[in-house]
Amino acid sequence: QLKEKIAELEQQKEIIRQQEEFLRSIYDNVQEAIFVLDIEADGTFRYQGFNPAAVSLTGIANVVGKTPEQVFPPEIVPLLKQRYRECIESKAAISYEECLPFQGQDTWWLTTLNPLENDQGNIYRIIGTSLNISDRKAAETELDQEKNFLKALLDNLSDGIVACNEQGILTLFNRAT
């Protein structure tokens, strides 16, 4: 029976090793930034890791055991900690867009914070993912500028301009109209 139990434990150990290897490969190879943040009993936030994508995208390495104050510029720390507290208080995943300075330039991120709860119902860890959306934000800004330019142009023309869609519904007209 002892040999059977040892064999069973060895088999379970191998299954756990394979699962850990599988999860590690995802963590290491995904293109999205992933960070792990522990919450200590006194409320202190401590990073437990950035995946390789997070290191590459932010230029920040060696975060294990460090607080937000030790990792980020002081001007953004209060906002980061506020978001972490919101996640803890809601006990649910939260998502938001944020602009953060990395590697000498402001970058836009779509960040999701996922809280992990212990058996007592306390949040002890946050798993965060951040997708760099700087290109999308730049495109949105460019489209907004073009839209505002065209609106200003249309509204300042002395001739009336009218447009409608395929159903004949008016979709555009300027001040002169």
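This text gives an overview of the structure that appears in the document.

The rules behind the values
Residues numbered from 1 in each chain as written. Predicted model: local features only at pLDDT ≥ 70, side-chain atom pairs only at ≥ 80, totals over all residues. Heavy atoms only, no water. 1 Å grid on protein atoms, 1.4 Å probe; cavity = no way out; pocket = protein on both sides within 12 Å on 5 of 7 lines; lining within 4 Å. Points joined across faces, edges and corners; volume = space filled by probe spheres on them. Helix = DSSP H or I, 4+ residues; strand = E, 2+ residues; numbered from the N terminus. Nonpolar A, V, L, I, M, F, W, Y, C, P; charged D, E, K, R; others polar. Polar contact = N/O pair within 3.5 Å; in protein donor to acceptor, adjacent residues only side chain to side chain. Pairing = 2+ DSSP bridges. Buried < 20%, exposed > 50% of the residue type's maximum accessible area, 1.4 Å probe, protein only. Contact = heavy atoms within 4.5 Å. Salt bridge = Lys/Arg side-chain N within 4 Å of Asp/Glu carboxyl O.

### Side note on empty space enclosed by the protein
Next up, step 1: Within this structure, the stated rule accounts for one cavity of 30 Å³ or more.
Next up, step 2: Roughly 160 Å³ of volume is contained in the largest cavity.
Next up, step 3: Forming the walls of the largest cavity are 16 residues, and the residues nearest its centre are Phe35, Phe72, Leu100, Phe102 and Ser130.
Next up, step 4: If you tally residues by element for the lining of the largest cavity, the top one is strand β3 (residues 94–102), at four residues.
Next up, step 5: Classifying every residue of the lining of the largest cavity by side-chain character gives 12 nonpolar, three polar and one charged.

### As for the environment of Tyr47
Next up, step 1: Within the element layout of this structure, Tyr47 appears in strand β2 (residues 45–50).
Next up, step 2: Along the backbone, Tyr47 and Arg83 are 36 residues apart, and their C-alpha atoms lie at a distance of 15 Å.
Next up, step 3: A polar side-chain atom of Tyr47 sits 2.7 Å from a polar atom in the side chain of Tyr84.

### So, the pairing of strand β4 (residues 105–117)
Next up, step 1: As paired elements, β3 and β4 share nine bridges and run antiparallel to each other. Its bridge partner being in β4, Phe102 is matched across the sheet by Gln105.
Next up, step 2: Two successive antiparallel strands, β3 and β4, enclose a turn made up of two residues, where Gln103 displays a positive phi of approximately 50°.
Next up, step 3: For β4 and strand β5 (residues 123–132), the ladder comprises nine bridges, and the chain directions are antiparallel. Pairing of Asn114 across the sheet is with Ile127, part of β5.
Next up, step 4: Linkage of β4 to β5, two consecutive antiparallel strands, is achieved through a turn of five residues, within which Gly121 is found at a positive phi near 85°.

### Some thoughts on the layout of surface pockets
Next up, step 1: By volume, the largest pocket amounts to about 200 Å³.
Next up, step 2: Leu23, Ile26, Tyr27, Ile34, Val36, Gln48, Gly49, Arg125 and Ile127 are the residues that line the largest pocket.
Next up, step 3: Secondary structure elements with two or more residues in the lining of the largest pocket: α1 (2–29), β1 (33–39), β2 and β5.
Next up, step 4: If one sorts the elements of the lining of the largest pocket by residue count, α1 sits on top with three residues.
Next up, step 5: Residue classes in the lining of the largest pocket are distributed as six nonpolar, two polar and one charged.

### Here's the deal with the side chain of Ser130
Next up, step 1: Residue position: Ser130 is located in strand β5.
Next up, step 2: Residue Ser130 is classed as buried on the basis of its relative accessible area of 7%.
Next up, step 3: Within the structure, Ser130 has its side chain in polar contact with the side chain of Thr111 (distance 2.9 Å).
Next up, step 4: Those residues within four positions of Ser130 in sequence are excluded, and the remaining contacts are Glu32, Ala33, Phe35, Trp109, Leu110 and Thr111.

### A word on the pairing of β5
Next up, step 1: Looking at chain direction, β1 and β5 are connected through six bridges and run antiparallel. Within β5, the residue paired with Phe35 across the bridge is Gly128.

### Here's the deal with the pattern of salt bridges
Next up, step 1: Evaluation of the coordinates by the stated rule reveals 13 salt bridges.
Next up, step 2: Between Glu97 and Arg136 there is a salt bridge; the shortest N-O distance is 2.3 Å. Pair noted here: Glu97 is in strand β3 and Arg136 is in helix α5 (residues 134–156), with a separation of 39 residues, a long-range link.
Next up, step 3: For Glu97, a relative accessible area of 31% gives the class partly exposed.
Next up, step 4: Arg175 serves as the salt-bridge partner of Asp155, at 3.9 Å between the closest nitrogen and oxygen. In this pair, Asp155 sits in helix α5 while Arg175 sits in the segment after β7 (170–173), placing the two residues 20 residues apart along the sequence.
Next up, step 5: Using a relative accessible area of 64% as the deciding quantity, one classes Arg175 as exposed.
Next up, step 6: It is possible to trace a salt-bridge network through shared partners that takes in Glu97, Arg136, Lys137 and Glu140.

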